Amino acid sequence: MANILIVDDSSTMRKIISRSLRQAGLSVDEIYEAGDGIEGLNVIASGKTIGLILSDINMPNMDGLEFIKQVRANGNTVPVVMITTEGGEEIIKEAMSNGASDSIKKPFTPDQLQEKLGKLL
Amino acid sequence: MSLDASTTTFTVEQLATYVIEATREVFSTMVMMDPIDDYPLKEPVKRFKCSITGMVGFAGIYSGVISIHCPLDLALKMTSNMLGMECEEVNEDLNDAIGEIANMLGGNIKQVLSKGGLDVKLSIPTVIVGEDYTVNSLSDSDCVVIPFHIDDNRFIVGLTLTKED
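Residues numbered from 1 in each chain as written. Chains lettered and ligands numbered in written order. Predicted model: local features only at pLDDT ≥ 70, side-chain atom pairs only at ≥ 80, totals over all residues. Heavy atoms only, no water.

1. A look at the overall build of chain A
And step 1. Helices and strands together make up the secondary structure of chain A, namely five helices and five strands.
And step 2. Ordered by position from N to C terminus, the α and β elements of chain A give β-α-β-α-β-α-β-α-β-α.
And step 3. The C-alpha radius of gyration computed for chain A amounts to 13 Å, which stays within 12% of the reference 14 Å derived for 121 residues, consistent with globular compactness.
And step 4. Overall size of chain A, expressed as C-alpha extent along the three principal axes, is 35 × 30 × 25 Å.
And step 5. A total of 121 residues make up chain A; the buried ones form 55% of that total. (Helix = DSSP H or I, 4+ residues; strand = E, 2+ residues; numbered from the N terminus. Rg over C-alpha atoms; globule rule 2.2 N^0.38 Å. Buried < 20%, exposed > 50% of the residue type's maximum accessible area, 1.4 Å probe, protein only.)

Take a look at the structure:
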């Protein structure tokens, strides 16, 4: 069982992702939420054990590309999967070069979530 | 006929098809509803009553706005479906849900406009809600306006687009 951090500026999307994780039958323990990259870094800095991060890209204050760069700059190797409407090849390439493990395009189904995340949990 | 925005690439008919496909995908996957599209409107609808509007802007090689305009009672049903819990009043959940629908529609259209994802930027969503308001575009861009219906409820998705030099 892993604790998961969801970083997305939409509270609706955070709820949908949380529900989809449970529906997909993934081994999820606690789910923590953050509204942007800065809040996400604060959750990590608070010392909570995180087994997987799901992050949006297009967010105010600190976007997902900068967030993952900061996560890796701190030496954290936790898997980070981008869940985003930004499905373009170059932007995903940039996310991967910043240290993302994989990406999922919104909108998604619980089955698509299970397929991508099952191997990371 | 082609959009001023898209003389080199997209016809109005193509853009209308992209809007319809994006709307159907977002609604069937995230809203658990299956809207049916009606004939495109020739002019944008500017005045709304007891409605909510979600908008996301494009900037880069294309600029423009994609917007969804819903009567409040339908928007409340959509939000309830997305959240898996009853939403019965105008609140942050409603604003956020409609903003996120606009965001997903924008992301879907961006994939058509952008080759790799970096040459077109999406704005953070804007949401307007009110008993009587107007939405005007100050640009002279052409647009596609697609009405949809779900049972007896109607909503509109509009796309305004300009190709930048």
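2. Considerations on the interface of chain B and chain A
And step 1. The partner chain A presents 24 residues to the 24 residues of chain B that form the contact.
And step 2. In total, chain B and chain A occlude about 2100 Å² of area from one another, counting both sides; carbon and sulfur atoms represent 53% of this.
And step 3. For D93 of chain B, the salt bridge goes to K15 of chain A, with nearest N and O atoms at 3.2 Å.
And step 4. Taken together, the links from chain B to chain A amount to 10 residue pairs in polar contact (both at pLDDT 80 or more).
And step 5. Secondary-structure elements contributing two or more residues to the side of chain B that touches chain A are α1 (12-31), α2 (72-83) and α3 (92-113) of chain B.
And step 6. The dominant element in the side of chain B that touches chain A, judged by the number of residues it contributes, is α3 of chain B, at 10 residues. (Contact = heavy atoms within 4.5 Å. Buried area = accessible area lost by both parts, 1.4 Å probe. Salt bridge = Lys/Arg side-chain N within 4 Å of Asp/Glu carboxyl O. Polar contact = N/O pair within 3.5 Å; in protein donor to acceptor, adjacent residues only side chain to side chain.)

3. Regarding the pattern of salt bridges
And step 1. Using the criterion set out here, one finds 12 salt bridges over all chains in the structure.
And step 2. For K116 of chain A, the salt bridge identified is with D102 of chain A, shortest N-O distance 3.3 Å. Here the residue K116 of chain A occupies a position in helix α5 (residues 110-117), and D102 of chain A occupies one in strand β5 (residues 102-105), the gap between them amounting to 14 residues.
And step 3. Look at K116 of chain A and you get partly exposed, because its relative accessible area is 28%.
And step 4. Classification of D102 of chain A by relative accessible area gives buried; the value is 14%.
And step 5. Two residues, R24 of chain B and D37 of chain B, come together in a salt bridge whose shortest N-O distance is 2.5 Å. Within this pair, whereas R24 of chain B is found in helix α1, its partner D37 of chain B is found in strand β1 (residues 36-37), the two being separated by 13 residues in sequence.

4. Considerations on the state of the cysteines
All names here are of chain B.
And step 1. This structure, assessed with the given rule, holds zero disulfides over all chains.
And step 2. Left unpaired, C50 is separated from the closest cysteine sulfur, that of C70, by 13 Å.
And step 3. Considering cysteine sulfurs only, C70 is the nearest to C87, which forms no disulfide, with 13 Å between them.
And step 4. Overall, the relative accessible area of 5% leaves C87 in the buried class. (Disulfide = S-S within 2.5 Å.)

5. Remarks on the pairing of strand β1 (residues 2-7) of chain A
Residues and elements named next belong to chain A.
And step 1. Within β1, six of the six residues are buried, which leaves the element mostly enclosed by the surrounding structure.
And step 2. Residues A2, I4 and I6 line one face of β1 and the alternating positions N3, L5 and V7 line the opposite face, and both faces are buried.
And step 3. In terms of strand pairing, β1 meets strand β2 (residues 28-34) through five bridges, oriented parallel. Considered in β2, the bridge of L5 is made with Y32.
And step 4. Pairing geometry for β1 and strand β3 (residues 52-55), over four bridges, is parallel. Counted as the bridge partner of V7 is S55 from β3. (Pairing = 2+ DSSP bridges.)

6. Remarks on the packing of aromatic side chains
And step 1. Applying the stated rule across the entire model yields five aromatic pairs over all chains.
And step 2. Relative to F155 of chain B, the ring of F148 of chain B has its centre 5.2 Å away and its plane inclined at 10 degrees; by these criteria the two rings are stacked. The same class applies to F148 of chain B and to F155 of chain B, which are both buried.
And step 3. In this structure an aromatic cluster arises from ring pairing among F10, Y18 and Y62 of chain B.
And step 4. The ring of Y32 of chain A has K48 of chain A sitting right over it, with the charged end atom 5.4 Å from the ring centre. (Phe/Tyr/Trp six-rings, centres within 6.5 Å; stacked < 30°, edge-to-face > 60°. Lys NZ or Arg CZ within 6 Å of the ring centre and 35° of its normal.)

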